Amino acid sequence: QVQLVESGGGVVQPGGSLRLSCAASGFTFSNCGLFWVRQAPGKGLEWVAFLQYDGSSEFYADSVKGRFTISRDTSKNTLYLQMNSLRGDDSAVYYCAKQQQAGSHHFDYWGQGTLLTVSS
Amino acid sequence: QTVVTQEPSFSVSPGGTVTLTCGFSSGSVSTNNYPSWYQQTPGQAPRTLIYNTNTRSSGVPDRFSGSVLGKKAALTITGAQANDESDYYCVLYLGSGIWVFGGGTKLTVL
């Protein structure tokens, strides 16, 4: 069965960096695009980034563009989110999610999330 | 910046029918925005309900249905049950690899 397991969250000072990971299993990693979605405490969901199925293109929300980088290691079936220049409003639970298949336009399966807190 | 709007809250009686909507602050939603809907209870990850406007995700009961009504995407719950009490989020695809979530609707069943 499909599993997405996020890790790497924690407490970081403003201006700091952190890398989140999402270990994937139960599906062919290179056959679908992958997402990061976040949810600030008590707030709604926000799409953060998308990596195309073949890794050729990355897309970002304006709120993180230039600070965050989505990438993957197909040998490890792991998705990453490198976050730099962190701010307080980046504090959130970060979920990874997958496309159903390349070219689909929704979030098919979700991980359970990892919490990032940006605070001094 | 594109804003996707949803009713902040809605209430439905057990057994009743409710339609939640999802629209642009300016403009119309179409099937080319591939509307999808997600259910989330506190402390849990979202669950995919509907995608491509009206396709139910695996295991989702047929009490849930999706459509485009006028200028908005819509999620209709028929025969509401107590365990439908959740937050519901829509997502619209804007093209060029960009998605936008609505602010979510908190549904109360009472």
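Each value, and the rule that gives it
Every chain begins its residue count from 1, and numbering advances along the sequence as written. The naming scheme follows written order: chains are lettered A onward, ligands numbered 1 onward. Restriction of local features to residues with pLDDT of at least 70 applies here, the model being predicted, together with a cutoff of 80 or more for giving and counting side-chain atom pairs; totals for whole chains, interfaces and linings are based on all residues. To get the side-chain values, all heavy atoms of the structure are used, and hydrogens and water are removed first. Throughout, the protein atoms alone are placed on a 1 Å grid, and a set of points is a cavity if a 1.4 Å probe fits but cannot get out or a pocket if it is open with protein on both sides within 12 Å along at least five of seven lines; lining residues have an atom within 4 Å of a point. Grid points are joined across faces, edges and corners, and a volume is the space filled by probe spheres set on the points. Strands here are runs of E lasting at least two residues and helices are runs of H or I lasting at least four, both read from the DSSP assignment and numbered beginning at the N terminus. Ten residues, namely Ala, Val, Leu, Ile, Met, Phe, Trp, Tyr, Cys and Pro, are considered nonpolar, four, namely Asp, Glu, Lys and Arg, are considered charged, and the remaining ones, Gly among them, are considered polar. As used here, the term nonpolar core means buried Ala, Val, Leu, Ile, Met, Phe, Trp, Tyr and Cys residues forming a set that is joined through side-chain atoms within 4.5 Å. Here's how the labels work: a residue is buried when its accessible area is under 20% of the maximum for its type, exposed when over 50%, partly exposed in between, all with a 1.4 Å probe on protein chains only. It only takes one pair of heavy atoms within 4.5 Å for two residues to be counted as in contact. Accessible-area loss on putting two parts together, using a 1.4 Å probe and summing over both, is the definition of buried area adopted here. In the analysis that follows, any N or O atom pair within 3.5 Å is treated as a polar contact, provided that within protein one partner can donate a hydrogen and the other can accept it, and provided that, for residues neighboring in sequence, both atoms belong to side chains.

Trainee: Which residues make up the layout of surface pockets, and what values do they have?
Mentor: What the largest pocket holds in volume is close to 580 Å³. Around the largest pocket, the lining comprises 27 residues; the ones closest to its centre are A:Glu46, A:Ala61, B:Gln1, B:Thr2 and B:Val100. The element contributing the most residues to the lining of the largest pocket is strand β10 (residues 98–101) of chain B, with 4 residues. Its residues placed into classes, the lining of the largest pocket shows 13 nonpolar, 7 polar and 7 charged. In this model, the second largest pocket occupies a volume close to 320 Å³. Every residue lining the second largest pocket is counted, 19 residues in all, and those nearest its centre are A:Asp108, A:Tyr109, A:Trp110, B:Arg47 and B:Thr48. Counting only elements with at least two residues in the lining of the second largest pocket, the list comes to β1 (3–7) and β10 (109–110) of chain A together with β5 (47–51) of chain B. When residues of the lining of the second largest pocket are assigned to their parent elements, the largest contribution, 3 residues, is made by β5(B).

Trainee: So, the nonpolar core: which residues are in play, and what are the values?
Mentor: Of all hydrophobic cores here, the largest spans 27 residues; its most connected members are A:Trp36, A:Leu81, A:Met83 and A:Tyr94. Among the secondary structure elements, those contributing two or more residues to this core are β3 (18–25), β4 (34–39), β5 (45–51), β7 (68–73), β8 (78–83), β9 (92–98) and β11 (114–118) of chain A. Among the elements that take part in this core, β3(A) stands out by supplying 4 residues, more than any other. Counting residues in each nonpolar core, the second largest holds 22 residues, with B:Val18, B:Leu49, B:Leu75 and B:Ala80 among its members.

Trainee: Requested: an account of the interface of chain A and chain B, with residues and values cited.
Mentor: Counting residues at the interface gives 21 residues for chain A, matched by 19 residues for chain B. Of all residues in chain A, A:Leu45, A:Trp47 and A:His105 bury the most surface against chain B, accounting for 38% of the area lost on that side. Where chain A meets chain B, there are 10 residue pairs in polar contact (both at pLDDT 80 or more). Among the secondary structure elements, those contributing two or more residues to the side of chain A that touches chain B are β4, β5 and β6 (58–60) of chain A. Top contributing element to the side of chain A that touches chain B by residue count: β5(A), with 4 residues.

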